[in-house]
Amino acid sequence: MNETDRQAALEYHQYPTPGKISVTASKPLITQRDLALAYTPGVAVACEEIVTDPQNSFKYTSRGNLVGVISNGSAVLGLGNIGALASKPVMEGKAVLFKKFAGIDVFDIEISESDPHKLVEIIASLEATFGGINLEDIKAPDCFTVERKLRERMKIPVFHDDQHGTAITVSAAFLNGLKVVGKDIREVKVVTSGAGAAALACLDLMVDLGLPVENIWATDLAGVVYKGRVELMDPDKARFAQETSARSLSEVIEGADVFLGCSAGGVLKAEMVKKMAAKPLILALANPTPEIFPEAALEARGDAVIATGRSDFPNQVNNVLCFPYIFRGALDVGATTITRNMEIAAVRAIAQLAQEEPNDSVAAAYGAYDLRFGPTYFIPKPFDSRLILRIAPAVAKAAMEDGVATRAIDDFEAYTNELQQFVYHSGAFMKPVFATAKQIVREGGKSRIVFAEGEEERVLRAVQVIVDEKLARPILIGRPEVLLARIEKFGLRLRLGEDVEVTNPEYDERFHQYWTTYWELRCRDGISKEMARVEMRRRLTLIGAMMVRLGDADGMVCGTVGAYHDHLRFVDEAIGMAPGANTYAAMNILLLDKRTVALVDTHVNDNPDAQTIAEFTIAAAKQMAWLNLSPKVALLSRSNFGSGSSASGTKMREVLKLVTARAPDLEIDGEMHGDCALDESLRERILPHSRLKGSANLLVCPNVDSGNIAYNLLKTGAGSNVAVGPFLLGVNAPVNVLTSSSTVRRIVNMAALTVLQANRD
């Protein structure tokens, strides 16, 4: 690293607090009762239950979601034997990856012990603490001894990531690389550089996947691993000894189909690559300097297909692709060990995912929008959020099949849905919505949802998810030739006319009916026949709204491009307000860490009067109740129960009177500050007899400026940009106008919700 990057790395580890991890409480510890339950005397009850049945440790403690990342620092990255203390930053880094990618808690433990047998004794004694053990950076051959003996003694998964994590990821790249170059695993010649723990684990797994042992030629510091060699040999390495007179990598590389590098930078020379077979697969995995750089390999052989361990080249082979998710699946079934079939299940899940189109999380993280399976993309990206959804269930199922699971998963579809919480923060909230939407589609209910901005990338990616998960029957407004080109560009699988219906804005035989209907609706508002005809071809939201009005679609999602009010204008002109409604309003739901909060109005009414606010407050409360959220309404102002003379305070006091008269059973109070709305204890000190109890979950703002500002601040500052909405209130059809900041997941969520709205009684 250059000096600037070194300093940046040090500052990253030092500020704002030293290190990368901390321990946080998962239960409240605020009152005396909390203390009595958390510690004495309440803790004794949990202890007694564990004495009665040791399996209760997974029920009453964090053990079932706690992994020990353990090292003695004898083989750390490319740094060698730097000792236990210096290895701690690496182990903390591993802990962060477990938490980030799979929600698994970690204690990192660095042990100053070089004797492998003593190391086994120390680690084995920790079994009562953990649900699994991840061994890290232990030198060969000690790592083999330590892992083997721990697996014999411990009844929890023990996984040496340098061996098996590497082997799983490499094997997935190997299988897919062979698919790219069109070669059979049973016929390829494989040459390795390196015969340490990682390389041997890779070869063992590749053999179990179908690679013949006799097709493998291993080399290390002493040269070719041949029969009769004594130097640097051990039983694990001897398995791959060949009967040969060749003694160097340069000799055995001739005619090789695959090069596997787990050794040191620069060992594979350009002249060696030239001697390999046609379309060579080169896995140059030494870090940070690969055995050969991709540009050098491609200069020597333009037909080469290459992977490295680096993130700045295509096809990064990274252990993070597997180890968090293997442990997730193993922990969730209480596996007592990790079997070979569990590892193979992970290999196949990773390999299969790479053959699917990259999703929006990959595109956002890497700025790569045109990835597709092939020479430059045959292994998933580490930030692919679908990895947990593919690997964890596959591993859990294999554990059950192998009889090492102590807890069974009865419904894998439900389990996969639960894993969505690690992918999408809205997962738990949306789970019942998705289930109902799928049922509606299956039963042929109203599910034709038109997407006005059908050519937009986020919409296309969202529609691919909607089609895959059968959440709706999508209709795209867009030019067919543009849709086809963009579907291909983004690597999607949508089939026009089969998976999705298309409405072409340049020509559709229904447009005559659409524009004449529009003209009849608006002819007294200055819209001429000519204008109606032109507008119906250039205003995509107007086309979609007319489709809904005339029954050619059951609902509409629009607004991902352009201003909210522009979309709302065409919705109003074509569809209008619901019977009895006098205003529109936008309601957003924020899924925060500690609470779910809705805000209204965030996009429509600039400075509404009390009558308008009262109307959309009641509408928002009904919408929340429809979503199975009991509304607790706070009318917000800079005045706090009459503490100020602000105009907003006067207005919100009038709103309270109007709402309580129209909806006497609604739990509501105001006017109040935002902190009083969310903090019941503070509110009780000011107004002990408030009819609002607990924390408010529907915040009503006095004007659109305050609503929009509060929404965006909470969404970004406290909500990890996770929102559901906006819901359009007051409209006479299942239509929702989104915003230009909407993510792919939010579009998917709102499409499913629009299906439910279309079928609401």
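Above this text is the structure in question.
Summary of the structure given here.

Definitions and limits used
- Residues numbered from 1 in each chain as written.
- Predicted model: local features only at pLDDT ≥ 70, side-chain atom pairs only at ≥ 80, totals over all residues.
- Heavy atoms only, no water.
- Helix = DSSP H or I, 4+ residues; strand = E, 2+ residues; numbered from the N terminus.
- Buried < 20%, exposed > 50% of the residue type's maximum accessible area, 1.4 Å probe, protein only.
- Contact = heavy atoms within 4.5 Å.
- Patch = residues over 30% accessible without salt bridge, like charges linked within 9 Å, V, L, I, M, F, W, Y side chains within 5 Å.
- Areas by Shrake-Rupley, 256 points an atom, 1.4 Å probe, with all protein chains shown as cover.
- Salt bridge = Lys/Arg side-chain N within 4 Å of Asp/Glu carboxyl O.
- Lys, Arg positive; Asp, Glu negative; His and termini not counted.
- Charge placed at Lys NZ, Arg CZ, Asp CG, Glu CD.
- Core = buried A, V, L, I, M, F, W, Y, C linked by side-chain atoms within 4.5 Å.
- Phe/Tyr/Trp six-rings, centres within 6.5 Å; stacked < 30°, edge-to-face > 60°.
- Disulfide = S-S within 2.5 Å.
- Pairing = 2+ DSSP bridges.
- Axes fitted to C-alpha atoms, helices over the stretch in contact; angles between N-to-C directions.

Glancing now at the overall build of the protein chain. Regarding its fold elements, the protein chain presents 31 helices and 21 strands. The dimensions of the protein chain, computed from C-alpha atoms along their principal axes, are 95 × 70 × 55 Å. Per-residue burial for the protein chain yields a buried fraction of 55% across its 761 residues. Considering only residue pairs separated by 6 or more positions, the protein chain has 70% of its internal contacts joining residues 24 or more positions apart.

Taken together, the side chains of Asp-410, Asp-411, Glu-413 and Glu-418 define an acidic patch exposed on the protein surface. By the element assignment, Asp-410 lies in the loop between α17 (387–401) and α18 (412–423). Judged by relative accessible area, Asp-410 falls into the exposed class, the value being 79%.

With 98 residues, the main nonpolar core has Ile-123 and Phe-174 as its most contacted residues. Once residues within four sequence positions are removed from consideration, Phe-174 is found in contact with Ile-185, Val-188, Val-190, Met-206, Leu-211, Val-258, Leu-281 and Leu-283. Met-430, Leu-476, Met-587 and Leu-738 belong to the second-largest nonpolar core, a separate cluster that totals 67 residues.

Mapped onto the elements, Ile-613 comes out in helix α26 (residues 610–626). For Ile-613, a relative accessible area of 0% corresponds to the buried category. Expressed as a C-alpha distance, the spacing of Ile-613 and Val-700, which sit 87 residues apart in the sequence, is 8.0 Å. Discounting chain neighbours no more than four positions away, the residues touching Ile-613 are Pro-608, Lys-651, Met-652, Val-655, Val-700, Cys-701 and Pro-702.

Right, let's get into the packing of aromatic side chains. According to the stated counting rule, one finds seven aromatic pairs in the structure shown. Ring centres of Phe-98 and Phe-327 lie 5.4 Å apart, and the angle between their planes is 75 degrees; this geometry places the pair in the edge-to-face category. Here Phe-98 is found in helix α5 (residues 84–102), whereas its partner Phe-327 is found in helix α14 (residues 323–332), with 229 residues between them in sequence. Pair check on accessibility: Phe-98 and Phe-327 agree, each one buried. Ring geometry for Phe-293 versus Phe-313: centroids 6.0 Å apart, planes at 70 degrees, classification edge-to-face.

Within the structure shown, the criterion is met by 36 salt bridges. Residues Asp-552 and Arg-510 are paired through a salt bridge, measuring 4.0 Å at the closest nitrogen-oxygen approach. Taken together, the positions of Asp-552 in the loop between α24 (540–549) and β14 (555–558) and Arg-510 in the loop between β13 (501–503) and α22 (511–522) put the pair 42 residues apart, joining distant regions of the chain. Taking the shortest distance from any N to any O, the salt bridge between Arg-538 and Glu-535 comes out at 2.6 Å. Of the two residues, Arg-538 and Glu-535 both sit in helix α23 (residues 529–538), three residues apart, roughly one turn of that helix. In this structure Arg-538 comes out as partly exposed when scored by relative accessible area, which is 47%. One continuous salt-bridge network, built from bridges that share partners, spans Glu-356, Asp-384, Arg-386 and Arg-390.

Once that is clear, we can look at the state of the cysteines. Enumeration according to the criterion identifies zero disulfides in this entry. Of all cysteine sulfurs in the structure, the one in Cys-676 sits closest to Cys-701, which takes part in no disulfide; the separation is 15 Å.

Glancing now at the sheet that holds strand β12 (residues 473–477). In space, the five strands of this open sheet follow the order β13-β12-β11-β14-β21, with parallel pairing throughout. Because the sheet does not close on itself, it has two edges, and the strands there are β13 and β21 (735–737). Put simply, the sheet's adjacent strands are angled 20 degrees from each other on average, direction ignored. Pairing of β12 with β13 involves three bridges; the strand directions are parallel. Looking across to β13, one finds that Leu-476 is bridged to Val-502.

Here the focus is the sheet that holds strand β16 (residues 596–600). Across the sheet, six strands lie side by side as β18-β17-β19-β16-β15-β20; this open sheet has mixed pairing. Of all strands in the sheet, those bounded by a partner on one side alone are β18 (667–672) and β20 (723–729). Across the sheet, the mean angle separating the axes of adjacent strands is 20 degrees when strand polarity is ignored. One ladder, built from five bridges, connects strand β15 (residues 585–591) with β16; its direction is antiparallel. Paired with Met-587 across the two strands is Val-600, which belongs to β16. The strands touched by helix α27 (residues 647–662) within the sheet are β17 (632–636), β18 and β19 (698–700), with β18 carrying the most contacts at an inclination of about 165 degrees.

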